[in-house]
Amino acid sequence: MKAYEVMYIVKPVEEEAFEAVVAKFENLINNNGGNVEKTDRWGKKRLAYEIQDLSEGLYVLVTFQAEPACIKELDRVMRITDEVLRHMIISKGE
């Protein structure tokens, strides 16, 4: 398994809806053979530019290990999740 990081921005929603989104992606990684090492909730930050008429978002950084198939599924689900404004998955150096 390789080490990855995913940074994603969630629309400003209520606390329990935010936690549900974070749990959804952690469970997705774990259920597809990955291992979540750390989840950092950075909280609400101002965006550099407006996205979908929003100027703020809730930032999350997840460090994990996974196989390439898990990364494809994570990317696919993040693209179709309405609460996610932007996401980026990065392979960490060895």
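Below is a short write-up of the structure. (Residues numbered from 1 in each chain as written. Predicted model: local features only at pLDDT ≥ 70, side-chain atom pairs only at ≥ 80, totals over all residues. Heavy atoms only, no water.)

### Some details on the overall build of the protein
Helix and strand counts for the protein come out as 2 helices and 4 strands. When the helices and strands of the protein are read in sequence order from the N terminus, they spell out β-α-β-β-α-β. A globule of 94 residues ought to have a C-alpha radius of gyration of about 12 Å, and the protein, at 13 Å, matches this closely. Projected onto the principal axes, the alpha-carbon positions of the protein cover approximately 40 × 25 × 20 Å. Residue burial in the protein is summarised as follows: out of 94 residues, 34% are buried. Averaged over its 13 positive side-chain charges, the protein has a centre that lies 4 Å from the centre of its 17 negative ones. (Helix = DSSP H or I, 4+ residues; strand = E, 2+ residues; numbered from the N terminus. Rg over C-alpha atoms; globule rule 2.2 N^0.38 Å. Buried < 20%, exposed > 50% of the residue type's maximum accessible area, 1.4 Å probe, protein only. Lys, Arg positive; Asp, Glu negative; His and termini not counted. Charge placed at Lys NZ, Arg CZ, Asp CG, Glu CD.)

### Observations regarding the packing of helix α1 (residues 15-31) against helix α2 (residues 68-80)
Running from N to C, α1 and α2 point in directions that differ by 155°, and their axes come no closer than 9 Å. Relative to α2, the element α1 lies roughly antiparallel. Like other packed secondary-structure pairs, α1 and α2 cross with a definite hand, here right-handed. Here α1 contributes K24, F25, L28 and I29 to the contact with α2, which in turn contributes C70, E73, L74, V77 and M78. When its residues are assigned to classes, the contact of α1 with α2 shows 7 nonpolar, no polar and 2 charged. (Axes fitted to C-alpha atoms, helices over the stretch in contact; angles between N-to-C directions. Parallel < 35°, antiparallel > 145°, perpendicular 65-115°, else oblique. Left-handed = near helix turned anticlockwise from the far one by under 90°. Contact = heavy atoms within 4.5 Å. Nonpolar A, V, L, I, M, F, W, Y, C, P; charged D, E, K, R; others polar.)

### What about the pattern of salt bridges?
Scanning the model with the defined rule gives 6 salt bridges in all. Across the salt bridge formed by K92 and E5, the nearest N and O atoms sit 4.0 Å from each other. Of the two residues, K92 is situated in the segment after β4 (84-91) and E5 in strand β1 (residues 2-10); the sequence distance between them amounts to 87 residues. Two residues, K38 and D40, come together in a salt bridge whose shortest N-O distance is 4.0 Å. D40 gets classed as partly exposed once you look at its relative accessible area, which sits at 24%. (Salt bridge = Lys/Arg side-chain N within 4 Å of Asp/Glu carboxyl O.)

### Section: the sheet that holds β4
The sheet built from 4 strands is open, its strands ordered β2-β3-β1-β4 with antiparallel pairing. Unpaired on one side and paired on the other, β2 (35-51) and β4 mark the two borders of the sheet. Averaged over all neighbouring strand pairs, the angle between strand axes comes to 20°, with direction disregarded. Two elements, β1 and strand β3 (residues 54-66), share 9 bridges in a ladder whose sense is antiparallel. Bridge pairing in β3 places E5 opposite T63. Packing against the sheet, α1 makes contact with β1, β2, β3 and β4, and its axis sits at approximately 135° to β2. (Pairing = 2+ DSSP bridges.)

### Considering the side chain of T63
Among the structural elements, T63 can be located in strand β3. Its relative accessible area of 12% is what places T63 among the buried residues. Leave out the neighbours within four places in its chain, and T63 touches Y4, E5, V36, E37, K38 and K92.

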